[in-house]
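If you want the building blocks of each chain, they are given just below.
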Amino acid sequence: MLIALSQLTTGPDPAKNLDLIEEQARRAADAGARVVVLPEAAMACFGTRLGPLAEPLDGPWANRLRAIAADAGIVVVAGMFTPADDGRVTNTLLATGPGVEDTYDKIHLYDAFGFAESDNVAPGTRVVTIDVDGVRLGLATCYDVRFPELFRAHADAGAVATLLPASWGAGPGKVDQWELLVRARALDATVWVAAVDQADPAASGIETKGTAPTGVGHSMLVGPDGTVRESLGAEPGLIVAELDVDELERVRGKISVLANRRLGRDGSAITHP
């Protein structure tokens, strides 16, 4: 399966961001990709007041994203914000396109490095996978990458890969942490990881203020053995690369971390057949 990773910089205007997404979806489809993954906060960048922008899943932003996916004939995965029941918003991935319609609400919220996502965002609770052309893909978002159990849950559900849109926070050592964590999660669960970050705004001459995580770039496709197969720098770009389903079983035959597990999340012993 060919998969596309679209690293771009979104701004505060949801309509303009959809124009960027449409262009990227067409480029990915023209290159033969079956899935294009956009960053977290593709609807509107962090640092924007999210409450007034949030829309329900049957609202105009989501419906236009569906139309973009249908017109391009490709599955699109993009980050948006939906209203939560408690007055906050939900950090949502919408996966839509031929044969696919599902959402994932970010479980682990970025309350770290001087930023409190939970002030404005309500956490999700559901592990989500989607099936594209018979290939199962897990969904995760940004800060989720620091929590190995979600990626293992995807593997246990039969996922070949985890799609990881992000808007990574900048700072000393953060790019190194990003690469380290993405590679570790691929190896922990022996899955492919398509990690798609917002491009670094500075690479496009965009000034940012405050502590909002607006992206550092360095999107990458990592194999189930933890090796980086394709990657970008800080600036906007598009990766179209092969996701080799057969390689997964070959790697798991050699690196048997899933079969060799002895402790569950609660610390109890796992009994293998």
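Structure: above.
It should be emphasised that the depicted structure is a prediction, and the values quoted were computed from it without experimental measurement.

Undergrad: What exactly am I supposed to notice about the overall build of the protein here?
TA: Counting its regular elements, the protein contains five helices and 15 strands. Its C-alpha atoms give the protein a radius of gyration of 17 Å, within 12% of the compact-globule value 19 Å for 273 residues. Taken along the three principal axes of its C-alpha coordinates, the protein extends 50 × 40 × 35 Å. By residue count, 52% of the 273 residues in the protein fall in the buried class. Considering only contacts within the protein whose residues lie at least 6 apart along the sequence, 67% involve residues at least 24 apart. Approximately 11,400 Å² of the protein is accessible, and the part contributed by carbon and sulfur atoms is 50%. Charge centroids of the protein, computed over 24 positive and 37 negative side chains, lie 4 Å from each other.

Undergrad: Would you take a moment to explain the pairing of strand S4 (residues 89-97) for this structure?
TA: Counted residue by residue, S4 has nine buried out of nine residues, so it is predominantly covered. The alternating pattern of S4 places Val 89, Asn 91, Leu 93, Ala 95 and Gly 97 on one face and Thr 90, Thr 92, Leu 94 and Thr 96 on the opposite face, and all of these are buried. Between strand S3 (residues 75-83) and S4, which pair antiparallel in sequence order, lie five residues; one of them, Gly 87, sits at a positive phi of approximately 95°. As paired strands, S4 and strand S8 (residues 121-122) are joined by two bridges and run parallel to one another. When the sheet's bridge partners are listed, Val 89 is paired in S8 with Val 121. One ladder, built from six bridges, connects S4 with strand S5 (residues 100-105); its direction is antiparallel. Bridging across to S5, Leu 93 finds its partner in Tyr 104.

Undergrad: Sorry, what's going on with the pairing of S3 here?
TA: On a regular strand, each side chain points to the face opposite its neighbour's, so the side chains alternate between the two faces of the sheet. Summarising burial for S3: eight of the nine residues are buried, a large majority. The pairing of S3 with S4 spans eight bridges and is classified as antiparallel. Each residue of the ladder has a partner; that of Met 80, found in S4, is Thr 92.

Undergrad: Would you mind showing me how to read the environment of Val 175 here?
TA: Tracing the backbone shows Val 175 in helix H4 (residues 174-189). Once the C-alpha coordinates of Val 175 and Asn 120 are considered, the two residues, 55 residues apart in sequence, prove to be 25 Å apart.

Undergrad: I keep staring at the packing of helix H3 (residues 148-156) against H4 and nothing clicks. Help me out?
TA: Here H3 crosses H4 at 45°, and the two axes come no closer than 9 Å. Here H3 is positioned oblique relative to H4, judged by the angle of their axes. Regarding H3 and H4, the two cross each other, and that crossing is right-handed. Here H3 contributes Pro 148, Phe 151, Arg 152 and Ala 155 to the contact with H4, which in turn contributes Arg 185, Asp 188 and Ala 189.

Undergrad: Looking at this model, I keep getting lost on helix H5 (residues 245-254). Mind explaining?
TA: Structurally, the α-helix is built with 3.6 residues per turn, so residues lying three or four positions apart point the same way. When we look at burial in H5, the residues that qualify are Glu 247, Leu 248, Val 251 and Arg 252. The arc enclosing the buried residues of H5, seen along the axis, measures out at 135°, which places them on a common side. Projecting away from the buried face of H5 at angles above 90 degrees are the exposed residues Asp 246, Glu 249, Gly 253 and Lys 254. Tucked into the core, H5 has its buried residues touching H3, H4, strand S12 (192-197) and strand S14 (228-231). Taking the backbone nitrogen of Asp 246 as reference, a side-chain oxygen 3.0 Å away marks Asp 244 as the first, capping residue of H5.

Undergrad: Where do I start with the packing of aromatic side chains in this structure?
TA: Applying the stated criterion to the full structure yields seven aromatic pairs. Seen from their ring centres, Tyr 110 and Phe 113 are 6.5 Å apart, and the 20° between their planes marks the pair as stacked. Consider the rings of Tyr 110 and Tyr 143, whose centres lie 5.5 Å apart with planes at 75°: the pair is edge-to-face. Residue Tyr 110 is located in the loop between S5 and strand S6 (111-112), and its partner Tyr 143 is located in the loop between strand S10 (135-139) and H3; the two are separated by 33 residues in the primary sequence. Of the two residues, Tyr 110 and Tyr 143, both sit in the buried class. The rings of Phe 46, Phe 81, Tyr 110, Phe 113, Phe 115, Tyr 143 and Phe 147 are connected pair by pair, giving a single aromatic cluster.

Definitions and limits used
- Residues numbered from 1 in each chain as written.
- Predicted model: local features only at pLDDT ≥ 70, side-chain atom pairs only at ≥ 80, totals over all residues.
- Heavy atoms only, no water.
- Helix = DSSP H or I, 4+ residues; strand = E, 2+ residues; numbered from the N terminus.
- Rg over C-alpha atoms; globule rule 2.2 N^0.38 Å.
- Buried < 20%, exposed > 50% of the residue type's maximum accessible area, 1.4 Å probe, protein only.
- Contact = heavy atoms within 4.5 Å.
- Areas by Shrake-Rupley, 256 points an atom, 1.4 Å probe, with all protein chains shown as cover.
- Lys, Arg positive; Asp, Glu negative; His and termini not counted.
- Charge placed at Lys NZ, Arg CZ, Asp CG, Glu CD.
- Pairing = 2+ DSSP bridges.
- Axes fitted to C-alpha atoms, helices over the stretch in contact; angles between N-to-C directions.
- Parallel < 35°, antiparallel > 145°, perpendicular 65-115°, else oblique.
- Left-handed = near helix turned anticlockwise from the far one by under 90°.
- Arc of directions from axis to C-beta.
- Polar contact = N/O pair within 3.5 Å; in protein donor to acceptor, adjacent residues only side chain to side chain.
- Phe/Tyr/Trp six-rings, centres within 6.5 Å; stacked < 30°, edge-to-face > 60°.

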